[in-house]
Structure formats: C-alpha cells, structure tokens
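Tertiary structure, described
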Amino acid sequence: MPRRTPRNALDRLRTPGRFPGFLKTASICALIAGLLSPISQAATAPEASAAEAEVTAANDHCGNQCSDILPPGQNGNATLAQILLNQAFGTLPEHASDQLGPYANLAKGYSGLTNATINNFFNDASFGVPSDQVASTINPAGRSDVTIVRDKKTGVPHITGTTRYGTEFGAGYAAAQDRLWLMDVFRHVGRGQLTSFAGGAPSNQGLEQEFYRHAPYTEADLQAQIDNAVAAAGDRGKQALADVGAYIDGINSYIDASDSGRYFPGEYVLTGHKDSVTNAGTIEHFKPTDLVALASVIGALFGSGGGGEVNNALSLLAAQEKYGVTEGTKLWESFRERNDPEAVVTVHDKSFPYATKPADPQGEALPAADSVTEEQLVYDRTGSAAGSAATTASTTAAETAMTSAKRGMSNALVVSGEHTASGHPVAVFGPQTGYFAPQLLLLQEIQGPGISARGASFAGLSMYVELGRGQDYAWSATTSGQDIIDTYAVELCQDDYHYLYRGTCTAMDKVEQKNAWKPTTADGTAEGSYTMRVWRTKYGPVTHRATVGGKKVAYTTLRSSYLHEADSIVGFQMLNDPDYVKGPEDFQKAVQHINYTFNWFYADSEHTAYYNSGDNPVRATGVDAEFPVWAQSAYEWRGWDPTTNAAQYTPPSAHPNSIDQDYYISWNNKQAKDYTTAPWGDGSVHRGNLLESRVKKLVDAGGVTRASLVKAMADAGLADLRAEDVLPDLLKAVTSSTVTDSTAAAAVSKLQAWISAGAKRTETSAGSKTYANADAIRILDAWWPLLVKAEFEPGLGSELYAAMTANLPIDESPSAAHGPTGSHAGSSFQYGWWSYVDKDIRAVLGESVQGPLDRKYCGGGSLSACRDILISTLKEAAGKTAAQVYPGDDQCSAGDQWCADSIVQRTLGGIKHSKISWQNRPTYQQVVEFTSHR
C-alpha cells in the first residue's frame with residue numbers, strides 16, 4: 001500500500017512578516033543540512049492497517065458527482081528547512097500548491113468544459129479514499145478509535161472515528177498538521193496580541209488593532225461566552241463542549257509530537273519562539289477560549305453586517321447643508337438605495353421587511369458635523385511604535401486590515417431539478433475568503449458517531465465541516481450583510497469616562513492590552529511597544545466622540561453577536577449530523593442556530609433551499625437603523641439584557657427564506673424585496689446581475705448540467721461589470737451625435753469591439769499574461785474614476801462628493817489598489833458607483849428609470865452637456881499610458897496590466913506562491929449533483 005511521505009520534511013507554514021534577504025544561498029544550504037534529521041512524524045503517529053485505511057463509502061449518495069477546490073493546497077505547515085528552501089529556490093512542500101494550478105486553469109479552460117472534465121479543475125469530493133489512492137494512514141497518538149487517511153492527489157485528511165471523542169481528537173490533530181501556525185496567529189489576533197507573538201510590523205499592528213477595537217474581550221469574557229452558549233443549547237451544547245475538548249486534545253497532541261520530533265512549523269523558529277539548534281522554547285497548548293478568540297475574528301470578517309451609522313450621519317448632514325433638510329434628505333436616500341426596485345434579489349417575488357425607513361424617525365442623535373472625532377485606541381507608544389510616521393503606518397494598516405477577506409465574499413448558483421438535464425438539482429457555490437498562504441480554510445472529511453461530512457472549515461474551528469456536503473445533501477454560504485450593528489449616543493456625565501445609563505451616571509469599563517516586540521529573523525521591526533485601550537459601555541465599545549444638541553456624547557457600537565461568538569457552534573453541529581438533516585426544512589432549522597449574517601444554500605437529489613441567518617434585533621418603533629440613536633430605554637433593542645447582550649430577535653419566518661425556487665443566485669446582493677442590507681450599493685447594477693442573467697438564460701433553456709452551471713459561474717467571473725452593464729449606455733450617450741474627435745472615436749471603437757467580444761478581462765491564451773482587448777480595458781480603467789468625478793462632483797459639491805465616496809467607493813476593478821479590497825485580491829466589482837452612473841445616464845438619455853436618483857447629474861441633465869463631459873474624460877483616459885493606469889507596486893512593474901490584475905496568495909507564513917490570472921470567484925468552491933437520497 002502506498003504511503004504518504006512523512007511531513008517532517010514536507011510540512012509548510014507562513015509568517016506574517018517579511019523574510020529578510022540576508023540569508024544567502026550558501027548559509028541556507030548549511031543550515032538545511034543540520035535540519036533534515038528530525039524524528040519522523042510517523043514515529044509518533046502509528047500507521048494503521050490497510051484494512052482500516054480503506055474507508056467505505058456506502059453512505060455517499062453523490063454518485064461521483066461532487067467536486068470541490070481550495071487553493072493553494074491542503075498543506076499549510078512547513079518546517080524551517082522547507083521555508084528556507086522555498087525562500088532560496090522556490091521549492092514547495094508536498095501538497096502546498098497542488099490545487100492552485102487547477103483552480104487557475106479554469107479561467108481559460110471553462111469554455112470547453114463537460115461533466116467528464118470537471119475534475120480537471122476540481123477535486124473529487126466523494127467520501128472515502130480508494131485503496132490505490134491512499135498516501136498515508138495514521139492512528140494519531142496511537143489511538144485505536146480514530147484513523148486519519150490522506151489521499152495521494154491532494155493530501156486531504158479523511159478522519160474516521162469509532163467514538164465521538166476519537167473522531168474529534170482526530171479532527172484537531174489533522175487541523176494542527178495542516179494549519180498549526182495559522183491557528184496560532186489568529187488566536188493571538190483575536191486577543192489583540194499579534195505583535196508580541198509575531199513581530200511589530202505595521203501590518204501586524206494594523207491587524208490586531210482592527211479586531212481589538214471591535215471585540216475587546218477579556219479572558220473572563222471569552223469563558224463566559226462558552227458557558228452561556230453551552231447553557232442555552234441543552235444537550236447539544238454539552239456535546240459541543242465535549243467536542244471542543246476532544247478537538248483541542250488532538251491539537252495539543254500534535255503540538256507535543258511535532259515539538260519532540262522537531263517537525264513543527266518553521267515560523268516558530270523565525271519568530272523566536274523556538275531555537276533551531278537546542279529546540280528550547282515553547283509552543284503553547286490550545287485551550288477552549290482560544291477557539292472563541294478565533295471565532296470572533298471569523299465573525300468580524302464574514303458575519304457581522306452593519307455599523308457605519310456615524311459616517312451615514314455625516315454624509316446626510318453634508319447633503320442637508322448643501323441642499324436643505326428636505327432636498328438633502330431626498331438626495332441622501334436616493335444614493336442609499338435601501339430598497340431599490342431595480343436591484344437583483346435572491347428570493348423572487350416575496351417581501352421580507354427589515355430595517356426599513358420609518359415614517360417618523362425617533363431618537364436620532366445626529367452629531368454637530370465638525371465635532372466628530374474617532375476614539376483613540378493606541379497609547380504609550382515607545383521605540384519603533386513611536387513617532388508620526390509609525391503612527392500613520394499602523395493606522396493605515398488598521399484601516400485596510402484583512403479587507404481582501406472582509407469585502408469580497410462568496411457566490412452561489414443553485415438550480416432546481418425541474419430545470420436540469422438529470423432531474424436532480426445542481427449547485428455551484430462557495431465562500432470568497434480571500435487568497436492567503438496558507439488559506440484561512442482547510443479541507444477535511446469527518447466520519448464518526450453523529451458526524452458525516454466533507455468540506456471546508458476555518459482553521460482552528462474545524463471540529464465540524466462548516467461548508468460542504470453530507471451523505472445526501474450539500475450546503476454553502478455567502479455573506480449577507482444585513483444590519484445587526486447599531487450605534488448609540490451615550491450622554492457623558494462627570495467626565496469623559498462616565499455616561500448616563502438609564503438615568504444613573506455610570507463609569508465606563510477600561511479594557512487594555514499591552515504589547516511589546518523585538519526584532520526577529522521573520523520580522524526585523526525594531527523594538528517597540530504600545531497599549532491598546534478600549535472604553536466599554538453597556539451599549540458596547542466607544543468608537544467616536546461628538547456633541548449632539550450641545551451635549552457631549554460618546555458613540556458606541558453594539559453588535560448582536562457581540563459576547564456571542566460561540567453561539568453558532570450548535571448550528572454547524574446540526575449540519576454535520578446525518579440524523580438531523582434529512583431535507584430542506586431540517587437544513588433551515590439548523591442554520592437558524594447560526595447568529596452570524598450569512599445567506600445559506602442547500603441542495604439534495606430532490607430539493608433546493610435558502611435561508612438568511614443572523615440574530616436580527618427587534619428595534620424600537622421609529623428607530624432608523626441607518627443613524628445613531630440616543631442610548632435611552634425607549635430606543636434600545638426590544639427585550640435587551642445588557643449583562644449578556646441578549647435581545648428579542650426577528651422570528652425565522654421574517655428572514656428571507658425559500659424552498660424549491662426555480663433557481664437561486666447570490667453574490668452578496670440584496671436578499672429580497674424590502675430587506676435592507678447594511679452595505680451601500682444594492683442598486684440597478686450589482687455583480688449579482690452577472691450571475692442572474694446567465695443562470696436565468698440557462699433555466700429558460702432547460703437541461704442545466706453541472707458543466708453548464710460551472711461555465712456560467714466562470715464566465716461571470718471574468719466579466720468586467722462596468723463594461724457589461726454600464727458601458728453600453730455610456731457609449732450610447734457618447735455616440736448620440738457623431739464623434740468627430742479622432743482620439744475619442746478611436747477609443748469608442750476599441751470599447752465597442754470589447755463589448756462585442758464579451759467584455760471580459762481574459763488572456764489571449766492560457767499563460768500569455770497579456771489581455772485580449774488590452775487597450776479597451778486600459779481605457780475603461782482610466783476612464784471610470786474620471787467620468788464619475790466629472791459626472792457627479794459638480795452637482796454634489798466637493799464636500800458632499802467626498803462624504804458619499806466615504807460611504808461607497810467609486811470603483812473596485814481588479815487592479816484598483818484604491819478600492820476596498822486593495823490590489824491582487826481577486827474579488828472585484830462588489831462595491832462601486834455603477835448603479836449611480838447607470839441610473840443617471842439612462843435618465844439623461846430619456847429612458848425609464850425605476851428608483852431614480854434625486855436629480856440628473858451628468859451635464860445638469862442636458863444630453864449634449866453630458867456628452868461633452870464624457871468625451872472630454874474619455875479623451876483624457878485614452879491618453880493615459882499603461883504605466884500611468886497601472887503604476888506598479890511591490891508585486892508588479894509599472895504598466896504590466898495582467899500583473900496589476902493578478903491574484904496573489906498573501907503570505908501569512910514563510911511559503912510563497914506564484915501569481916495567477918485574475919478571476920472573480922469563490923476561494924473554496926463545490927460543484928454538486930446528488931443522484932439519490934436516503
């Protein structure tokens with residue numbers, strides 16, 4: 001039987017910092033020579049028999065029609081030797097990057113896709129491992145009640161337990177094998193302790209500041225969340241606690257084994273936690289509260305819609321200042337697009353009112369516009385943390401921390417069996433969690449008492465499969481973003497650190513985290529330190545200071561999942577339980593236990609379903625969720641208990657939900673009519689339209705297959721949303737009269753040819769690193785910011801224009817480093833002014849517009865004046881060189897258009913990967929079509 005190569009020499013991991021260049025090749029080789037003789041990992045994890053390795057798959061109802069993919073690769077651990085080899089020669093550990101190539105190749109390979117060739121671009125996600133594909137088999141820590149089998153192709157762990165404890169022990173052990181360093185990084189991020197653990201680089205400072213500001217938990221807070229979640233969930237809560245205990249035991253067993261065997265992640269040496277020669281130093285064991293800290297990071301990144309009420313207020317005040325209260329409010333509401341009738345929705349023809357605009361707003365606490373200051377977070381800076389340059393660097397890093405993960409999130413295409421070739425539903429879906437090395441997610445299969453699933457889970461939270469498939473059903477999620485965060489104005493009394501709570505002057509709670517760092521091999525940032533300080537109130541942490549009606553206030557942010565980071569565990573436990581989920585109704589009940597804001601999708605051999613999860617607070621009558629309100633009993637969430645931050649929540653029936661709709665699409669778009677989402681930009685043009693148009697066309701034609709649905713996803717993933725849905729109307733306005741300027745006419749011709757070719761950003765051929773229609777793409781990339789500013793700033797005025805762009809950035813093209821995701825992030829076209837331009841240009845053209853803007857902006861409503869603006873900005877754009885449009889960065893030289901768009905696996909450790917061509921699709925993705933049902 002083939003055996004998997006022991007990973008004492010083939011594990012890989014990464015460090016949040018730069019690997020310095022002073023280690024030359026010769027010294028690297030000398031060091032490697034002394035590192036290639038650690039004790040074999042297999043010696044501490046006995047091999048099981050061949051009979052045990054052959055996992056049966058009698059419970060698999062997918063009929064070899066389930067596939068998945070998760071780049072760059074399963075192996076997210078690397079020894080010091082492997083890191084040094086990678087840095088010196090580009091050598092990659094086994095299974096570190098073997099899913100990146102197939103994932104990247106779909107961008108050019110999808111056009112000829114058939115059902116038979118899907119697994120050229122995806123993994124076979126069937127249960128079990130055929131005996132001839134077994135690479136390794138171990139009983140971790142010598143346990144007889146669990147076996148971990150890894151397959152040859154991808155190295156994914158298939159964990160099979162005969163006891164519940166053994167199963168979860170194996171899940172923890174396998175997670176540590178694949179992501180120990182990453183798990184350690186993020187438990188420190190969740191506690192605001194990253195710099196003291198991994199170094200004081202500005203990026204590390206920014207990351208810990210971003211999360212500590214929003215989740216400043218003490219150890220007592222973390223433990224209380226466990227206790228409360230278990231107490232509230234009955235027997236399932238007790239089982240979850242036992243599962244967590246076994247899972248952590250597995251993690252810690254691997255830590256001990258890898259430490260004694262010296263095949264632990266090399267980042268521990270590079271960051272000074274272990275000595276490469278003597279092995280001195282400690283890798284701290286995990287404990288249950290670490291998982292809550294991890295969950296708080298994931299929840300903040302992907303499952304906490306809302307906030308931004310202070311910025312909303314400032315932009316409303318700017319609009320009222322320019323146009324008066326009535327007209328300014330009308331303007332603001334038209335740009336907010338709370339319930340745009342032209343917005344693409346996931347649930348068809350049903351209304352689910354939530355966070356709608358009240359007829360008579362009550363309790364609003366709008367600030368004096370010039371009085372707002374952001375609450376200081378960092379104090380007592382010393383060493384490399386001191387000085388204006390250091391402060392600016394860490395502040396900038398905090399503002400952009402993890403936005404590539406936080407902003408671009410996930411899509412789903414699900415078609416009912418009524419419209420498929422087989423008569424069984426087909427789904428192509430997955431989360432967009434950003435591109436990192438190692439990836440935030442890991443793949444696994446878990447089979448044991450009460451658990452039967454394969455799929456992806458966040459590293460360190462993989463006691464259950466969080467997105468994946470069961471025996472005869474599959475599920476996935478996209479970020480929904482409905483508003484579960486409100487801002488309260490607490491009136492100050494006595495001083496700046498006391499406030500009125502229900503009539504009593506109450507002291508704020510001061511929570512601090514002191515961090516210090518020294519230079520290491522991984523991060524040469526000079527010695528420094530600082531203290532992060534958050535002032536907490538009953539209404540949540542303080543975020544801003546201001547005056548309201550002459551009164552000094554602190555603005556606080558209250559999130560319904562705050563102090564409830566552990567509550568969702570029961571929902572995931574249910575999704576993994578084949579005795580619980582037997583159909584779409586059970587699925588919907590399971591995800592109702594998930595308090596984070598997600599859209600959940602389901603498919604089995606007969607049914608499809610959808611449910612929008614999250615603890616949606618019931619707000620007091622008249623409270624407008626868009627703006628700050630007074631921290632008074634009359635305006636609090638109904639039934640709110642400040643001690644536990646529990647409240648009354650909207651019932652499941654009020655959440656957008658559906659079973660067996662003809663088809664579902666989601667790309668972080670509006671869920672349903674009257675359901676207000678927190679992010680701006682749910683208007684007539686949204687990237688969800690790219691899926692809607694393609695899937696609807698397939699459904700209308702009938703006979704949908706796995707291949708045709710993958711093609712639709714991949715085709716949408718290469719489309720430039722602006723070019724497909726807005727550019728035709730822009731050119732209609734430009735060509736409403738003959739274009740006589742030769743430069744503009746040539747640009748129009750190139751843009752029209754690009755539209756005719758499909759308006760995609762795609763290579764001329766696989767690996768060419770050159771775009772077809774490159775000039776047209778360059779022109780549009782240059783034109784968009786110019787035309788938006790010229791179209792809207794004259795009517796809005798510079799101050800209001802700036803305030804509105806603070807609410808919604810104007811662009812998010814793949815190369816837009818100024819956009820919310822930054823460069824090289826893959827996910828694109830989620831946020832932008834596309835709807836505004838679309839509605840305005842159509843109005844100027846005299847076309848019908850539902851939910852129009854408050855006025856016509858382009859050229860003041862004159863088509864000829866608008867046309868002049870468009871042509872002049874188009875000429876300016878056409879004259880910009882590639883080097884001006886794509887100025888270059890630490891990844892690309894100036895003028896390299898393909899590179900500017902390219903996706904980079906952002907290093908969270910020591911291993912680096914090659915760039916891949918841009919495509920706009922989920923990071924982890926499933927393709928499923930079940931052939932039978934239990």
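What comes next is a walk through the structure. (Residues numbered from 1 in each chain as written. Predicted model: local features only at pLDDT ≥ 70, side-chain atom pairs only at ≥ 80, totals over all residues. Heavy atoms only, no water.)

Throughout the structure, instances matching the rule amount to 34 aromatic pairs. When the centroid spacing of 5.6 Å and the interplanar angle of 65° are considered together, the rings of Tyr801 and Trp833 count as edge-to-face. With Tyr801 in helix 24 (residues 798–807) and Trp833 in the loop between helix 24 and helix 25 (834–844), this pair connects stretches of sequence that are 32 residues apart. On the basis of relative accessible area, Tyr801 is assigned to the buried category, the value being 9%. In this structure an aromatic cluster arises from ring pairing among Phe335, Phe792, Tyr801, Trp833, Tyr836 and Tyr857. Between the NZ or CZ atom of Lys322 and the centre of the ring of Tyr323, over which it lies, the distance is 5.6 Å. (Phe/Tyr/Trp six-rings, centres within 6.5 Å; stacked < 30°, edge-to-face > 60°. Helix = DSSP H or I, 4+ residues; strand = E, 2+ residues; numbered from the N terminus. Buried < 20%, exposed > 50% of the residue type's maximum accessible area, 1.4 Å probe, protein only. Lys NZ or Arg CZ within 6 Å of the ring centre and 35° of its normal.)

This part covers the state of the cysteines. Counted according to the given criterion, the structure contains 4 disulfides. There is a disulfide in this structure between Cys858 and Cys866, and the S-S distance comes to 2.1 Å. Residues Cys858 and Cys866 are joined by a disulfide whose S-S torsion is about 90°; by sign, that bridge is right-handed. Here the two residues Cys858 and Cys866 agree in accessibility, since each one is buried. What pairs with Cys892 in a disulfide is Cys899, and their sulfur atoms sit 2.0 Å apart. In this structure, the disulfide formed by Cys892 and Cys899 twists by about -80° around the S-S bond and is classed as left-handed. Taken in N- to C-terminal order, the disulfide-linked cysteines of the protein are connected 1-2, 3-4, 5-6, 7-8. (Disulfide = S-S within 2.5 Å.)

Our focus in this paragraph is the packing of helix 23 (residues 774–796) against helix 26 (residues 863–878). Contact pair helix 23 / helix 26: the axes reach a minimum separation of 8 Å and the direction vectors enclose 140°. Between helix 23 and helix 26, the interaxial angle falls into the category oblique. Where helix 23 crosses over helix 26, the two elements pack in a sense that is right-handed. Together, Arg778, Ile779, Ala782, Trp783, Leu786, Leu787, Ala790 and Glu791 of helix 23 and Ile869, Leu870, Thr873, Leu874, Glu876, Ala877 and Ala878 of helix 26 make up the contact between the two elements. In terms of residue class, the contact of helix 23 with helix 26 is made up of 11 nonpolar, 1 polar and 3 charged. (Axes fitted to C-alpha atoms, helices over the stretch in contact; angles between N-to-C directions. Parallel < 35°, antiparallel > 145°, perpendicular 65-115°, else oblique. Left-handed = near helix turned anticlockwise from the far one by under 90°. Contact = heavy atoms within 4.5 Å. Nonpolar A, V, L, I, M, F, W, Y, C, P; charged D, E, K, R; others polar.)

Below, the discussion takes up the nonpolar core. The biggest cluster of nonpolar side chains holds 102 residues, and the ones touching the most others in it are Phe335, Leu730, Leu751, Trp783, Phe792, Trp833 and Leu870. If we skip the residues at most four places from it in the chain, Leu870 touches Leu730, Ala733, Val734, Trp783, Leu787, Ile841 and Cys858. Listed in part, the 90 residues of the second largest apolar core include Phe186, Leu294, Ala453 and Trp475. (Core = buried A, V, L, I, M, F, W, Y, C linked by side-chain atoms within 4.5 Å.)

The subject of this paragraph is unusual backbone geometry. Glycine aside, residues mostly have negative phi angles, and peptide bonds mostly take the trans form. In this structure, the amide linkage connecting Pro71 to the following residue, Pro72, adopts the cis form with an omega of 0°. Relative to the helices and strands, Pro72 resides in the loop between strand 1 (66–69) and helix 4 (80–89). In this model, Ala437 is joined to Pro438 through a cis peptide bond whose omega is 0°. Examined against the element boundaries, Pro438 turns out to sit in the loop between strand 11 (436–437) and strand 12 (441–448). The phi angle at Gln494 is positive, at roughly 70°, despite the residue not being glycine. Within the secondary structure, Gln494 sits in the loop between strand 16 (485–491) and strand 17 (498–501).

Now for the sheet that holds strand 5 (residues 157–161). Across the sheet, which stays open at both edges, the 10 strands sit in the order 3-4-5-12-13-14-15-23-24-26 with mixed pairing between neighbours. With one partner strand each, in any of the chains shown, strand 3 (134–138) and strand 26 (657–659) form the two edges of the open sheet. Along the sheet, successive strands turn relative to each other by an average axial angle of 20°, direction set aside. Strands in contact with helix 6 (residues 164–189) are strand 3, strand 4 (146–151), strand 5, strand 12 and strand 13 (451–458); relative to strand 4, the strand with the most contacts, it is inclined by about 40°. Here helix 17 (residues 584–591) sits on the sheet and contacts strand 15 (473–479), strand 23 (598–604), strand 24 (608–613) and strand 26; the angle it forms with strand 24, its principal contact strand, is near 15°. (Pairing = 2+ DSSP bridges.)

Okay, the sheet that holds strand 27 (residues 663–666) next. Pairing in this open sheet of 6 strands is antiparallel, and the strands run 2-1-30-10-9-27 from one edge to the other. On the outer flanks of this sheet lie strand 2 (123–124) and strand 27, each paired with one strand and no other. Of the pairings in the sheet, the one linking strand 1 to strand 2 comprises 2 bridges and is antiparallel in character. Residue pairing for strand 2: Ser67 is matched across the bridge by Asp124. Packed onto the sheet, helix 19 (residues 706–716) meets strand 9 (411–415), strand 10 (426–430) and strand 30 (925–928) and runs at close to 35° relative to strand 10.

Any functional reading would require information that these geometric values do not contain.
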